[in-house]
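Chain by chain, the residues run as shown.
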Amino acid sequence: MSDIIRVLALGDIIGHKSIEGIKQNLSTIKKAKMIDFVIANGENASYNSLGMSRKNYEDLISAGVDVITSGNHIWKNKEVFEFIDKVDRLIRPINYIPSLPGKGKVIVEVKGIKVCVMNLIGSTFMDAPFISPFFLIQQEINNLPEDVKIVIIDFHAEATAEKVAMGWFLDGRVSLVFGTHTHVQTADEKILPNGTGYITDIGMCGFTKSVIGDEVERSLKRFLLGLPERLSPSEEGNFQMNGIIVDIDTKTGKAVKIERISYEFEVY
Ligand SMILES: [Fe+2]
Ligand SMILES: [Fe+2]
């Protein structure tokens, strides 16, 4: 019997048609790549690419996502306040101030092995009140039950240096640190010397004719005129699925292989 858990992590899913893209393609990828466990960032799943509705949550879970992470946009669809404490597969950054609803980590069983997924938000260029991610993550790791060997972190952060620093900080203490939030995939996937898989940003699940997932014309107006313009998820071009596939040894909790993926599909 295999002692590897193969994880697929997908970047920020942007809007309704991207959820359709996930519904139409995820199960095929899971079968073809023999994926055991799927994590996806859902902070942009709503109709206006801000936040997540209950239906978005249910659609992603029934499409085959096991755990949904999020980030700074999670509060922007007000519906989330009604359901975030009632569902068990949606997490928000663990280092938000404790009075906010929701939770920042989840422990699930995959092939009989406990897997912990945590969500962290970066401190650079983020305006939300939060506790230092470096301070808090140490505490959280130290407090995990003994039998949890596999720990995966979605580090939702803007600055590449902060993400790289977090990778080194956690090397050998967690299985995988992957970045989200910029929506642009970086080409620096690696296994750090003490066995932690790492990539600065896994990218997005959104449409190719876009500015990081939003309609080009509306985004351009913001830059050309400097006026507030409501953004809207692009539905033009191909559906681009960005992420990583990582093999984790169940005995050691270390990453043994990391592959960056970027697929394009037509969505009907
Ligand atoms: Fe995002
Ligand atoms: Fe974000």
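As a reminder, the structure under discussion sits directly above these lines.
Computed from a predicted model, the values in this text were never measured in an experiment.

Visitor: Looking at this model, I keep getting lost on the nonpolar core. Mind explaining?
Guide: Core analysis: the largest hydrophobic core is formed by 62 residues, its most contacted members being Val7, Ile152, Ile153, Leu176 and Val177. Element by element, the count of residues in this core is highest for strand S6 (residues 113-121), at six residues.

Visitor: What is the right way to read the environment of methionine 166 from this model?
Guide: Relative to the elements of secondary structure, methionine 166 occurs in helix H5 (residues 160-170). Exposure remark for methionine 166: the 23 C-beta atoms within 10 Å place this residue in the buried category. Apart from the residues lying within four places of it in its own chain, the contact partners of methionine 166 are Pro133, Phe155 and Val177.

Visitor: Got a minute to help me understand helix H1 (residues 16-33) in this structure?
Guide: Residue pairs spaced three or four apart in an α-helix point in one direction, given the helix's 3.6 residues per turn. Along its 18 residues, H1 runs 25 Å from first to last C-alpha, staying within 8% of the 26 Å computed at 1.5 Å per residue. Along H1, the sharpest change in direction is near 40 degrees and occurs at asparagine 25. Residues of H1 that are buried include every one of Ser18, Ile19, Gly21, Ile22, Leu26 and Ile29, and no others. Looking at the packing, one finds that the buried side of H1 touches strand S2 (12-13), helix H2 (54-62), strand S11 (204-207), strand S12 (239-249) and strand S13 (255-265). Just downstream of H1, methionine 34 is the residue with a positive phi angle, here 55 degrees.

Visitor: Whenever I open this one, the sheet that holds strand S8 (residues 176-180) confuses me. Can you help?
Guide: Two strands in a sheet stick together by hydrogen bonds in their backbones, pointing the same way (parallel) or opposite ways (antiparallel). With respect to topology, six strands assemble into an open sheet ordered S5-S6-S7-S8-S10-S9, the strand pairing being mixed. Looking at which strands have only one partner, the edges of the open sheet turn out to be strand S5 (105-110) and strand S9 (190-191). Summarising the sheet, strand S7 (residues 150-156) and S8 pair through five bridges and their orientation is parallel. Bridge assignment links phenylalanine 155 to a residue of S8, and that residue is glycine 179.

Visitor: Honestly, the environment of lysine 76 in this entry has me stumped. Any pointers?
Guide: Secondary-structure assignment places lysine 76 in the loop between strand S4 (67-69) and helix H3 (80-83). The exposure class assigned to lysine 76 is partly exposed, which follows from the 15 C-beta atoms found within 10 Å. On a C-alpha basis, the gap between lysine 76 and isoleucine 14 in space is 14 Å, while along the polypeptide they are 62 residues apart.

Visitor: I keep staring at the pairing of strand S1 (residues 4-10) and nothing clicks. Help me out?
Guide: Side-chain direction in a regular strand flips from residue to residue, so the side chains alternate between the two faces of the sheet. A large share of S1 lies buried, amounting to five of its seven residues. In this structure, S1 lies alongside S12, joined through seven bridges in antiparallel fashion. Bridge pairing in S12 links valine 7 to valine 246. Bridge count between S1 and strand S3 (residues 37-41): four bridges; the pairing is parallel.

Conventions used here
Residues numbered from 1 in each chain as written. Chains lettered and ligands numbered in written order. Predicted model: local features only at pLDDT ≥ 70, side-chain atom pairs only at ≥ 80, totals over all residues. Core = buried A, V, L, I, M, F, W, Y, C linked by C-beta atoms within 7 Å. Buried ≥ 20, exposed ≤ 12 C-beta atoms within 10 Å, placed from the backbone. Helix = DSSP H or I, 4+ residues; strand = E, 2+ residues; numbered from the N terminus. Contact = placed C-beta atoms within 7 Å. Expected span 1.5 Å × (residues − 1). Bend = angle between axes of the 7 residues up to and from the residue. Pairing = 2+ DSSP bridges.

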